[in-house]
Amino acid sequence: MSLDLSALIAEARAAKSFEVFLNAVPYFRFLGLTAREGSDGGPVCVLPADPKLIGNARLPALHGGVVGALLESAAIVQLIWAAETDAIPKIIDLQVDYLRSARPVETFARAVITKHGRRIANVRAEAWQDDPARPVAAAHAHFLLA
């Protein structure tokens, strides 16, 4: 199966919906990731409550890799949403700060582009559960742009 992600991105941008794009990426589908419009007009990624995403059953808490994937996904979606191109940005590095245990409940993430150059973009992302003012994790990432 060959996917033309650039075409899917163009289609998603025209429809002002990233569901088509998110559903085309197998890992996003595995996570159950969706996106909605935030209060600032930008995308907010939503990770559903799902027992398969629990990393520590004793607490219980989401797996740290899942939280990191949510933050990376939010950064990618924000870059695609804000870009004038349909190319997929390539991750250079990602630093995640885990601030508190993420309970296995619906979790949200949004990203802000802190610097958008011609070849490199810097993005900051935050994930929260009940209150955006109390993030469970934050990340800073660098992306190579096409």
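Starting afresh in each chain, residues are numbered from 1 along the sequence in its written order. Side-chain atom pairs in this predicted model are given and counted only at pLDDT of 80 or more, local residue features only at pLDDT of at least 70, and totals for whole chains, interfaces and linings cover all residues. In computing side-chain properties, one takes all heavy atoms of the structure into account and sets aside hydrogens as well as water.

1. A few points about the pairing of strand S8 (residues 137–144)
Criterion used throughout: strands pair if DSSP finds at least two bridges between them. Runs of H or I in DSSP of at least four residues are treated as helices and runs of E of at least two as strands, each being numbered from the N terminus. Pairing of strand S5 (residues 90–98) with S8, which is carried by eight bridges, proceeds in the antiparallel orientation. Bridge assignment links Tyr98 to a residue of S8, and that residue is Ala137. Bridging between strand S7 (residues 120–128) and S8 involves eight bridges; their strand directions are antiparallel. In the sheet register, Ala127 faces S8, and the bridge partner there is Ala137.

2. Let's talk about the side chain of Thr107
Following the sequence through the fold, Thr107 ends up in strand S6 (residues 107–116). Residues adjacent in sequence count toward polar contacts only when both atoms are side-chain atoms; beyond that, a polar contact is any pair of N or O atoms within 3.5 Å, and within protein one must be able to donate a hydrogen and the other to accept it. A polar contact of 3.0 Å, which involves the side chain of Thr107, links it to the side chain of Gln129. By definition, residues are in contact when any of their heavy atoms lie within 4.5 Å. Beyond its immediate stretch of four places on either side in the chain, Thr107 contacts Cys45, Val46, Leu47, Leu62, Leu70, Ala127, Trp128 and Gln129.

3. A word on the pattern of salt bridges
The salt bridge definition used is simple: a Lys or Arg side-chain nitrogen within 4 Å of an Asp or Glu carboxyl oxygen. With the rule as written, the count across this model stands at two salt bridges. For Lys52, the salt bridge goes to Asp50, with nearest N and O atoms at 3.9 Å. To sort residues, take the accessible area from a 1.4 Å probe on protein chains only and compare it with the maximum for the residue type: under 20% means buried, over 50% means exposed, and anything in between is partly exposed. Here Lys52 falls in the partly exposed class, since its relative accessible area comes to 46%. Given a relative accessible area of 23%, Asp50 falls into the partly exposed group.

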